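Structure assessment
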Amino acid sequence: MLEKVGLSPESIYKYPHEFSGGQRQRIGIARAIALKPKLIIADEPVSALDVSVQAQVLNFMQEIQKELNLTYLFISHDLGIIRHMCDEIGIMYKGRYVEQGTTNDIFENPQHIYTKRLIAAIPDMDPTKREEMVAFRQQVKSEYEHSYRNFFDEEGLAYSLQSISDTHRVALPQKG
């Protein structure tokens, strides 16, 4: 199992403090896949790692996923990682789903103000899209201030996920 996750068999004789953060993540993955699961729940699996090691571990997780036909339930606050790793996304706010859809649905057509705020908070690394992102952030700020400030904050309001397409659902006030 150690070889499968890119570690030497001699690693079995090392103490935990002798491994780097990335190696520890690989050991955790080895322990998880040793049981031959169909599903692995990964809760912030790379949050404690630096960016270069994060990329290595995430790419490794994708290789293992394809090789073993795994499904991941990936939990993270980092939408860049979510975009890289996930086919489908569920956005939660205060313990409730506010939007669900394919990765493309969520990033290309966000509907809920909380989803829009999360996307607007992603650091902009592409200088060619800087003006577009500034305009999007201003639109989101205005929308939040004028329309959605109390979404889910008001007691007694009922919301449910409603389909806006075959692959995209958003939390909207229940009728009636």
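Residues numbered from 1 in each chain as written. Predicted model: local features only at pLDDT ≥ 70, side-chain atom pairs only at ≥ 80, totals over all residues. Heavy atoms only, no water.

1. Comments concerning unusual backbone geometry
Note on backbone geometry: most residues besides glycine have negative phi, and most peptide bonds are trans. For lysine 36, which is not glycine, the phi torsion reads 55 degrees and is therefore positive. Residue position: lysine 36 is located in the loop between α1 (21-33) and β1 (39-43). Look at lysine 36 and you get exposed, because its relative accessible area is 72%. Positive phi outside glycine occurs at asparagine 69, with the angle close to 55 degrees. (Helix = DSSP H or I, 4+ residues; strand = E, 2+ residues; numbered from the N terminus. Buried < 20%, exposed > 50% of the residue type's maximum accessible area, 1.4 Å probe, protein only.)

2. Digging into a nonpolar patch on the surface
Taken together, the side chains of Leu39, Ile41, Leu73 and Ile75 present a nonpolar region at the surface, about 360 Å² in accessible area. Counting residues per element, the ones that place at least two in the nonpolar patch are β1 and β2 (71-75). Within the secondary structure, leucine 73 sits in strand β2. Owing to a relative accessible area of 44%, leucine 73 belongs among the partly exposed residues under this scheme. (Patch = residues over 30% accessible without salt bridge, like charges linked within 9 Å, V, L, I, M, F, W, Y side chains within 5 Å. Areas by Shrake-Rupley, 256 points an atom, 1.4 Å probe, with all protein chains shown as cover. Salt bridge = Lys/Arg side-chain N within 4 Å of Asp/Glu carboxyl O.)

3. Describing the nonpolar core
Within the largest apolar cluster, 35 residues are counted, with the highest numbers of intra-cluster contacts made by Met61, Phe74 and Met85. Among the elements that take part in this core, helix α2 (residues 51-68) stands out by supplying five residues, more than any other. Apart from residues no more than four positions distant in its own chain, methionine 85 is found in contact with Leu58, Met61, Gln62, Tyr72 and Phe74. (Core = buried A, V, L, I, M, F, W, Y, C linked by side-chain atoms within 4.5 Å. Contact = heavy atoms within 4.5 Å.)

4. Some points on the packing of aromatic side chains
Aromatic ring pairs are described here by two measures, namely the spacing of the ring centres and the angle between the planes. Applying the stated criterion across every chain yields a total of one aromatic pair. Ring geometry for tyrosine 93 and tyrosine 114: centres 4.6 Å apart, planes at 45 degrees, overall tilted. One end of the pair, tyrosine 93, is in strand β3 (residues 88-93); the other, tyrosine 114, is in helix α5 (residues 113-120), and 21 residues separate them in sequence. Owing to a relative accessible area of 18%, tyrosine 93 belongs among the buried residues under this scheme. Over the ring of phenylalanine 60 we find arginine 26, and its NZ or CZ is 4.4 Å from the ring centre. (Phe/Tyr/Trp six-rings, centres within 6.5 Å; stacked < 30°, edge-to-face > 60°. Lys NZ or Arg CZ within 6 Å of the ring centre and 35° of its normal.)

5. Some details on α5
Among the residues of α5, Ile113, Thr115, Lys116, Ile119 and Ala120 are the ones counted as buried. Each buried residue of α5 lies within a common arc of 160 degrees when the element is viewed along its axis, so the set occupies one face. (Arc of directions from axis to C-beta.)

6. Overview of α2
Between its first and last C-alpha atoms α2 spans 26 Å; for 18 residues at 1.5 Å apiece the expected length is 26 Å, and the two agree. Listed in full, the buried residues belonging to α2 are Gln54, Val57, Leu58, Phe60, Met61 and Ile64. Down the axis, α2 shows its buried residues gathered within 160 degrees of arc, on one side only. In α2, those exposed residues whose orientation departs by more than 90 degrees from the buried face are Val51, Glu63, Lys66 and Glu67. Buried-residue contacts for α2 involve α1, β1, β2 and α3 (79-85). After α2 finishes, the residue asparagine 69 shows a positive phi value of roughly 55 degrees. (Expected span 1.5 Å × (residues − 1).)

7. Regarding the sheet that holds strand β5 (residues 159-165)
The pairing of strands in a sheet happens through backbone hydrogen bonds and is either parallel or antiparallel. Pairing in this open sheet of four strands is antiparallel, and the strands run β3-β4-β6-β5 from one edge to the other. Since the sheet does not close on itself, it has two edges, and those belong to β3 and β5, each with one partner. On average, adjacent strands in this sheet sit at an angle of 30 degrees to one another, irrespective of strand direction. Across six bridges, the pairing between β5 and strand β6 (residues 168-173) is antiparallel. Residue pairing in the sheet places tyrosine 159 in a bridge with proline 173 of β6. Against the sheet, α5 makes contact with β3 and β4 (96-102), and its axis sits at roughly 105 degrees relative to β3, the strand it touches most. (Pairing = 2+ DSSP bridges. Axes fitted to C-alpha atoms, helices over the stretch in contact; angles between N-to-C directions.)

8. Regarding the confidence of the model for the chain
Interpretation of the predicted coordinates at a detailed level should be avoided for regions scoring low in pLDDT. When the pLDDT values of the chain are averaged, the result is 84; 89% of them are 70 or greater. The weakest mean pLDDT in the chain belongs to helix α6 (residues 130-148) at 72; the strongest belongs to helix α4 (residues 103-108) at 95. (pLDDT = per-residue confidence, 0-100.)

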